[in-house]
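Tertiary structure, described
Each chain, letter by letter, is given below.
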Amino acid sequence: MALKGNLRDFTITQLLNLISLAQKTGVLEVKGPGQTVWIFFQEGKLAYAYSDKRDSSLAATLYRNENITKRQLRLIQSRAGDIQDKELGLLLINANYVTQEEILICLKDEYVGNINNLFTWVEGIFEFQNNAHPSNGKITFRINLENIIMEGSRRLREWEQLQDEIPSLDMALKFTDNPSIDLRNVNLSVEEWRVVSYINPKNTIKQIAKATKMNDLEIPRIVYGLLQAGLAQLVRPFSEKPSTYQKPSLPVGGKKEQKTLVNRLIKRIQSL
Amino acid sequence: MQTVKMVITGPFSSGKTEFIQSVSEIDVVATERKITSEAERIKDSTTVAMDFGRITVDDELVLYLFGTPGQKHFDFMWEILSEGMLGFIVMVDSARPETFREARRILETFRAYAPTPYVVTANKQDLPDAWEVEDMRIALRPSPEIKLLPCVATDKESVKTALLELLYNILEKMESGEF
């Protein structure tokens, strides 16, 4: 019987456990809202993973990790044509652009990152196809799933906690009017600076994530840190249409009448 | 008959129902049901729809107090209840710091819904384990201009003070043109 279903009923943790224990070889396809991820396994170990929303080719991955420059990436893409990752990797190593170790670290992080994203998906159709293999030119690994599952579960717990703090990524951020800390003494990481540079009630957190190339796990963590430090606060996005209930409903018009009404309320409460 | 509405919100078991009961001239209309979650088995029943209290101001004006359900899975009610509110009060159980994070979330959510005036009450100040109000200010991190008031929801005077502070705040905002 085909291994297929919905992540709603069978979580990614359970799926990875099953694949690991049964030492399965094949590809797991997971179709989520607006994204599909393919993960290849070799005897229960992670071999290769990619997503339709992200270029996981060797050249693109090395560029994202700043191992090659944008110019070098363009050169590879224009001159190397359909060159496969294995061949390109050898060329780059021989030309002393990168080391073998750098390539392996980059790709491993890329493949594991593609899986890690799945841990936050609450819904998605999955199907496992036995004995499918990545194309010959791809650089593959044999990465144990145990650590990925443990790390993924930890991230999932963290993500659930962050969801309590940041209920929606459609909210925007603004700088706190009166920060309780001395801003001159604040040390921000590179990632935090990147997010800070986009803080504006016009930008939703989702938009900031896209601009800073952070995923749904990374951006809430950074935002949470900024909220905790009292640097920023959550606000409804500026561009969003004002809701129908934005204006307090007062049964009288005119400033004077409204003040009289509030004074009547005050007197009544005082007399209770 | 003219009506105005205030919303009393806060985490589960923060004392919203008691707050409304203390000043309402009618028996609070509360839809309650048995608690099923182990984690929330602090009291036998909790508000699942809303509390509803009433204070008649005069022949022409009535103030309604609406309490929001405390449990997180009834969040969807908050937006409905906050429609047209004059202001809101966020209640926090001073003796249960584990609910402070949830209180902060509620605070942020309501503040995002509508820029209406609000105050925060540090409820259950009569309990031995209650946190000091100033310590709670650090933990809850409301904006400096937001009043954080000590409160005992079962004490009518304490509830009156909270409601009055909110009304004074509304009046101030009216005078400064922010309302």
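Coordinates for the structure precede this section.
In this text the structure is predicted, and so the values were computed from the model without any measurement. (Residues numbered from 1 in each chain as written. Chains lettered and ligands numbered in written order. Predicted model: local features only at pLDDT ≥ 70, side-chain atom pairs only at ≥ 80, totals over all residues. Heavy atoms only, no water.)

Structural notes on the overall build of chain A
Where we set the bar: Secondary structure elements are defined from DSSP: runs of H or I of at least 4 residues count as helices, runs of E of at least 2 residues count as strands, and each element is numbered from the N terminus. Between buried and exposed lies partly exposed: a residue is buried under 20% and exposed over 50% of the maximum accessible area for its type, with that area taken using a 1.4 Å probe on protein chains only. Using a 1.4 Å probe, the Shrake-Rupley method yields the accessible areas, and only the shown protein chains count as cover for residues.
When helices and strands are counted, chain A shows 10 helices and seven strands. Residues counted as buried form 44% of the 272 residues belonging to chain A. Counting every atom, chain A has about 15,500 Å² of accessible surface; 49% of that belongs to carbon and sulfur.

Some words on the pairing of strand β5 (residues 61–67) of chain B
All names here are of chain B. This is how it is decided: Here, strands pair whenever DSSP counts at least two bridges between them.
The buried fraction of β5 amounts to seven of the seven residues, a majority that puts the element mostly inside the structure. Pairing analysis gives seven bridges linking strand β1 (residues 2–9) to β5, with the strands arranged parallel. Each residue of the ladder has a partner; that of V7, found in β5, is F66. In this sheet, β5 lies alongside strand β4 (residues 51–58) in antiparallel orientation, the contact comprising seven bridges. The residue of β5 that forms the bridge with G53 is L65. If you look at the hairpin formed by β4 and β5, you'll find two residues sitting between the two strands.

As for the interface of chain A and chain B
This is how the line gets drawn: When checking whether two residues touch, look at their non-hydrogen atoms; a contact exists if any pair is within 4.5 Å. Throughout, buried area stands for the accessible area (probe radius 1.4 Å) lost by two parts on being put together, summed over both. Salt bridge, as used here: a side-chain nitrogen of Lys or Arg that lies within 4 Å of a carboxyl oxygen of Asp or Glu. Note that Gly is not counted as nonpolar here; it falls among the polar residues with everything else outside the nonpolar set of Ala, Val, Leu, Ile, Met, Phe, Trp, Tyr, Cys and Pro and the charged set of Asp, Glu, Lys and Arg.
Counting residues at the interface gives 33 residues for chain A, matched by 45 residues for chain B. Carbon and sulfur atoms supply 60% of the area that chain A and chain B bury against each other, a total of about 3,600 Å² over both sides. The tally of links between chain A and chain B comes to three salt bridges. In this structure, A:R264 engages B:E60 in a salt bridge whose closest nitrogen and oxygen atoms are separated by 4.0 Å. When contributions to the side of chain A that touches chain B are tallied by element, the ones reaching two or more residues are α6 (145–165), α9 (218–228), β7 (232–235) and α10 (255–271) of chain A. The element contributing the most residues to the side of chain A that touches chain B is α10(A), with 12 residues. For the side of chain A that touches chain B, the class distribution of residues is 15 nonpolar, 10 polar and eight charged.

Description of the sheet that holds strand β3 (residues 35–42) of chain A
All names here are of chain A. Here is the rule: Angles run from 0 to 180 degrees between N-to-C directions of axes, and those axes are lines fitted to C-alpha atoms, restricted for helices to the stretch in contact.
Pairing is antiparallel across the open sheet formed by five strands, whose spatial order is β1-β5-β2-β3-β4. Looking at which strands have only one partner, the edges of the open sheet turn out to be β1 (3–6) and β4 (45–51). Ignoring which end each strand starts from, the neighbouring axes of this sheet average 15° apart. In terms of strand pairing, β1 meets strand β5 (residues 125–130) through four bridges, oriented antiparallel. If you follow N6 over to β5, its bridge partner there is I125. Docked against the sheet, helix α1 (residues 12–21) engages β1, β2 (26–32), β3 and β5, running at close to 175° with respect to β2.

Examining the packing of aromatic side chains
Residues and elements named next belong to chain A. This is how it is decided: Centres within 6.5 Å are what make two rings of Phe, Tyr or Trp a pair, Trp counting through its six-membered ring; a difference in plane orientation under 30 degrees is then read as stacked, over 60 as edge-to-face, and the rest as tilted.
Applying the stated criterion to the full structure yields 10 aromatic pairs over all chains. Ring centres 5.8 Å apart and planes at 35° place the aromatic pair F40 and Y48 in the tilted group. Relative to F141, the ring of Y111 has its centre 5.5 Å away and its plane inclined at 80°; by these criteria the two rings are edge-to-face. Taken together, the residues Y111 in helix α5 (residues 100–118) and F141 in the loop between β5 and α6 connect sequence positions 30 residues apart. Residue F141 is classed as buried on the basis of its relative accessible area of 14%. Linked through ring pairs, W38, F40, Y48, Y50, Y111 and F141 together constitute an aromatic cluster.

Observations concerning the pattern of salt bridges
A complete count under the given rule lists 19 salt bridges over all chains for this structure. For the salt bridge of B:E25 with A:R268, the shortest nitrogen-to-oxygen distance reads 3.9 Å. Of this pair, B:E25 sits in the loop between α1 (16–23) and β2 (32–34) while A:R268 sits in helix α10, on two different chains. With relative accessibility at 22%, the residue A:R268 sits in the partly exposed group.

Structural notes on the packing of α10(A) against helix α5 (residues 156–175) of chain B
Here is the rule: Roughly parallel here means an angle under 35 degrees, roughly antiparallel means over 145, roughly perpendicular means 65 to 115, and every remaining angle is called oblique. Crossing handedness: left-handed means the near helix sits turned counterclockwise from the far one by under a right angle, and right-handed means the same turn made clockwise.
α5(B) packs onto α10(A) with a crossing angle of 165° between their chain directions and a minimal axis gap of 10 Å. When the axis of α10(A) is compared with that of α5(B), the two are roughly antiparallel. Here α10(A) and α5(B) pass one another in a crossing that is left-handed. Packed against α10(A), whose contacting residues are A:K255, A:Q258, A:K259, A:V262, A:N263, A:L265, A:I266, A:I269 and A:Q270, the element α5(B) presents B:K160, B:L163, B:L164, B:L167, B:Y168, B:I170, B:L171, B:M174 and B:E175 at the interface. Taken together, the residues of the contact of α10(A) with α5(B) sort by class into 11 nonpolar, three polar and four charged.

Re the side chain of A:S51
All names here are of chain A. Convention followed: Definition of a polar contact: a pair of N or O atoms within 3.5 Å, with one able to donate and the other able to accept a hydrogen when the atoms are protein atoms, and with sequence-neighbouring residues admitted only if both atoms are side-chain atoms.
Checked against the element boundaries, S51 lands in strand β4. Looking at S51, its side chain comes within polar contact range of the side chain of Q35, at 2.8 Å. Apart from residues no more than four positions distant in its own chain, S51 is found in contact with Q35, T36, V37, W38, S56 and N114.

Notes on the packing of α6(A) against α9(A)
Residue and element names in this part refer to chain A. At a closest axis distance of 10 Å, the pairing of α6 and α9 adopts a crossing angle of 50°. Regarding the angle of α6 to α9, the classification is oblique. Seen from above, α6 lies across α9 with left-handed handedness. Residues E158, L162 and E165 of α6 form the contact with α9, whose participating residues are P220, R221, Y224 and Q228. Split into classes, the residues belonging to the contact of α6 with α9 amount to three nonpolar, one polar and three charged.

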